Amino acid sequence: MNFFKHLKPKNEKIQVNLGIKELKKTLDSRGKNFHFKWLSENSFIISLNFSFGSNLLFDVNYANTKSDIIAEGKIAELNDSESTIILKTKSKYWLTFILLLPVLVLFFELTFDLGIPFPFFFVFPIAYVILINFIKTEDEKLIHKFKEHLKKEINNALQQRI
């Protein structure tokens, strides 16, 4: 079992029945419940408007985003009426640095016998797993919100054609 598999970036491929120009209009529409910013002609970045964990615990403010829960998107046109969106979430390898403190404390406990109670060493791994799952859930929530918005806007665009 790969314990750190949740730290890897998640890739999501979405195929839509719109040309690239129509898709761009759809993505620029109002009423999104996530933050959206174009980076170039065919790439963009999305983030949650507010992430409870990343905004309050880590206080990070990247350029073009509103939280640490980020996905980068690239649009590729297959033909005049089909496009592909490839979303890639941000890797979470920086969370491994949080493991350094308990390993350091364990080293000092074993070396200098500081008297730290043994059950203390089980608290941190449990909290770490909860944190990883929380961040994974927020990544999934961002992708879900993006897909729902895209689906709703594509249905609206198709209804307007009829």
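Parameters and conventions
Residues numbered from 1 in each chain as written. Predicted model: local features only at pLDDT ≥ 70, side-chain atom pairs only at ≥ 80, totals over all residues. Heavy atoms only, no water. Patch = residues over 30% accessible without salt bridge, like charges linked within 9 Å, V, L, I, M, F, W, Y side chains within 5 Å. Areas by Shrake-Rupley, 256 points an atom, 1.4 Å probe, with all protein chains shown as cover. Salt bridge = Lys/Arg side-chain N within 4 Å of Asp/Glu carboxyl O. Helix = DSSP H or I, 4+ residues; strand = E, 2+ residues; numbered from the N terminus. Phe/Tyr/Trp six-rings, centres within 6.5 Å; stacked < 30°, edge-to-face > 60°. Buried < 20%, exposed > 50% of the residue type's maximum accessible area, 1.4 Å probe, protein only. Lys NZ or Arg CZ within 6 Å of the ring centre and 35° of its normal. Axes fitted to C-alpha atoms, helices over the stretch in contact; angles between N-to-C directions. Left-handed = near helix turned anticlockwise from the far one by under 90°. Contact = heavy atoms within 4.5 Å. Nonpolar A, V, L, I, M, F, W, Y, C, P; charged D, E, K, R; others polar.

(A) Structural context of a nonpolar patch on the surface. A cluster of nonpolar side chains, namely Leu104, Phe107, Phe108, Phe112 and Leu114, defines an oily patch on the protein surface of about 520 Å² accessible area. Mapping Leu104 onto the fold places it in helix H3 (residues 100–112).

(B) Inspection of the packing of aromatic side chains at higher detail. One pass over the full model with this rule turns up ten aromatic pairs. Relative to Phe122, the ring of Phe118 has its centre 5.2 Å away and its plane inclined at 80°; by these criteria the two rings are edge-to-face. On the basis of relative accessible area, Phe118 is assigned to the exposed category, the value being 59%. Each member of the aromatic cluster is reached from another via a ring pair, and the members are Phe34, Phe36, Trp38, Phe44 and Phe146. Over the aromatic face of Trp38 sits the side chain of Lys24, whose NZ or CZ is 5.8 Å from the ring centroid.

(C) How the structure looks around the packing of helix H1 (residues 20–27) against helix H4 (residues 120–161). At a minimum axis distance of 10 Å, the contact between H1 and H4 shows a crossing angle of 115°. In this structure, the crossing between H1 and H4 has a hand that is right-handed. In this structure, H1 contributes Glu22, Leu23, Thr26 and Leu27 to the contact, and H4 contributes Phe146, His149, Leu150, Glu153, Ile154 and Arg161. Looking at side-chain class alone, the contact of H1 with H4 contains five nonpolar, two polar and three charged residues.

Function cannot be read off these values alone, since they describe shape.
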